[in-house]
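Coordinate inspection notes
The residues making up each chain are set out below.
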Amino acid sequence: MLKLKSLAFTSLLALAACQPIGPHQIGPDGQPGGSGLGGREAAQVHDRMLEQINQLRSNIGASPMVRNTQLDSAASAHARDMAAQNRAWHFGSDGTSPLDRVRRAGFMGTLIGENISETYEKDIETLNAWMQTRQTRDIIMDTRASQLGVGWFEESGGKLWWVLITGS
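The paragraphs below set out a description of the structure included in this document. Here the structure is a predicted model, which means the values were calculated and not measured.

Things to note about the packing of helix 5 (residues 123-131) against helix 6 (residues 134-141)
Between two packed helices, both the angle of their axes relative to each other and the distance between the axes serve to describe the pair. Where helix 5 contacts helix 6, the two axes come as close as 6 Å, and the packing angle between them is 110°. One element, helix 5, and the other, helix 6, form an angle in the roughly perpendicular class. Together, Leu127, Trp130 and Met131 of helix 5 and Thr136, Arg137, Ile140 and Met141 of helix 6 make up the contact between the two elements.

A look at the pairing of strand 4 (residues 160-167)
Within strand 4, eight of the eight residues are buried, which leaves it mostly tucked inside the rest of the structure. Residues Leu160, Trp162, Leu164 and Thr166 point to one face of strand 4 and Trp161, Val163, Ile165 and Gly167 to the other, with burial holding for every one of them. Relative to strand 4, strand 2 (residues 111-119) is paired through eight bridges, and the arrangement is antiparallel. Opposite Ile116, over in strand 4, you have Val163 as the bridge partner. Of the pairings in the sheet, the one linking strand 3 (residues 147-154) to strand 4 comprises eight bridges and is antiparallel in character. Its bridge partner lying in strand 4, Trp152 is registered against Trp162. The hairpin formed by strand 3 and strand 4 contains five residues between the paired strands, and Gly158 there has a positive phi angle of roughly 100°.

Topic: helix 5
Inspection of helix 5 places Asp123, Thr126, Leu127, Trp130 and Met131 among the buried residues, and these make up the whole buried set. Buried residues in helix 5, looked at end-on, bunch into an arc of 140°, giving them a common side.

Brief notes about the packing of aromatic side chains
Enumeration according to the criterion identifies two aromatic pairs in this entry. With a centroid separation of 5.6 Å and an interplanar angle of 65°, the aromatic rings of Trp89 and Phe91 are classed as edge-to-face. Judged by its relative accessible area of 41%, Phe91 falls in the partly exposed class. Between Trp152 and Trp162 the ring centres are 5.5 Å apart and the planes differ by 40°, which places this aromatic pair in the tilted class. With a gap of ten residues between them, Trp152 in strand 3 and Trp162 in strand 4 connect regions that are remote in the sequence.

Brief notes about the nonpolar core
One broad rule of soluble globular proteins: the nonpolar side chains tend to lie buried together. If you look at the biggest cluster of nonpolar residues, it comprises 19 residues, and the most contacted ones within it are Ile140 and Leu164. Among the secondary structure elements, those contributing two or more residues to this core are helix 2 (39-58), helix 5, helix 6, strand 3 and strand 4. Leaving out residues up to four positions away in the same chain, Leu164 has contacts with Met49, Ile53, Gly113, Glu114, Asn115, Trp130, Ile139, Ile140, Leu148, Gly149 and Val150.

Things to note about the sheet that holds strand 4
Taken together, four strands build an open sheet; the order of strands is 1-3-4-2 and the sheet is mixed. The open sheet has two edge strands with one neighbour each: strand 1 (66-67) and strand 2. As defined by bridge partners, strand 1 adjoins strand 3 across two bridges and the pair is classed as parallel. In the strand pairing of strand 3, Val66 is matched with Gln147. Against the sheet, helix 3 (residues 69-85) makes contact with strand 1, strand 2, strand 3 and strand 4, and its axis sits at roughly 30° relative to strand 3, the strand it touches most. Sitting on the sheet, helix 6 is in contact with strand 2 and strand 4, with an inclination near 130° to strand 2.

Quick notes on the rules
Residues numbered from 1 in each chain as written. Predicted model: local features only at pLDDT ≥ 70, side-chain atom pairs only at ≥ 80, totals over all residues. Heavy atoms only, no water. Axes fitted to C-alpha atoms, helices over the stretch in contact; angles between N-to-C directions. Helix = DSSP H or I, 4+ residues; strand = E, 2+ residues; numbered from the N terminus. Parallel < 35°, antiparallel > 145°, perpendicular 65-115°, else oblique. Contact = heavy atoms within 4.5 Å. Buried < 20%, exposed > 50% of the residue type's maximum accessible area, 1.4 Å probe, protein only. Pairing = 2+ DSSP bridges. Arc of directions from axis to C-beta. Phe/Tyr/Trp six-rings, centres within 6.5 Å; stacked < 30°, edge-to-face > 60°. Core = buried A, V, L, I, M, F, W, Y, C linked by side-chain atoms within 4.5 Å.

Encoded structure:
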């Protein structure tokens, strides 16, 4: 009986060693942080977001959008700036507006809108959240929009700052 208890105790110790060490950071949505949008997954974010958005737009007969690297650049810069400010809002730390930022990035078309998010959720979960709110959904589904830019910044704790910009 003592051998059986010792074996059970040793087994539990071995299993415990397989568990991650350290506290899990929980985001405001109740999901664990540390999403790890690095490497291969990060390289797929733009295409995955564009594909999902164009599928949603096709449901209402809207034309598909194309990726615009100037809008990507403006979105990425603003995501990093929001993280530095530690607040999700549409104005840059230097007072710039979304229009100022897209112009600075070289985009001379029409700015349709900008969606922002501070979350622990990945791209598709963030897109889903935007689609649940009329104001952010309207920016994505606006039939005038023909171009899209997406940017994000991931903090070491896993918090993600997202920016989506549409234009024509």
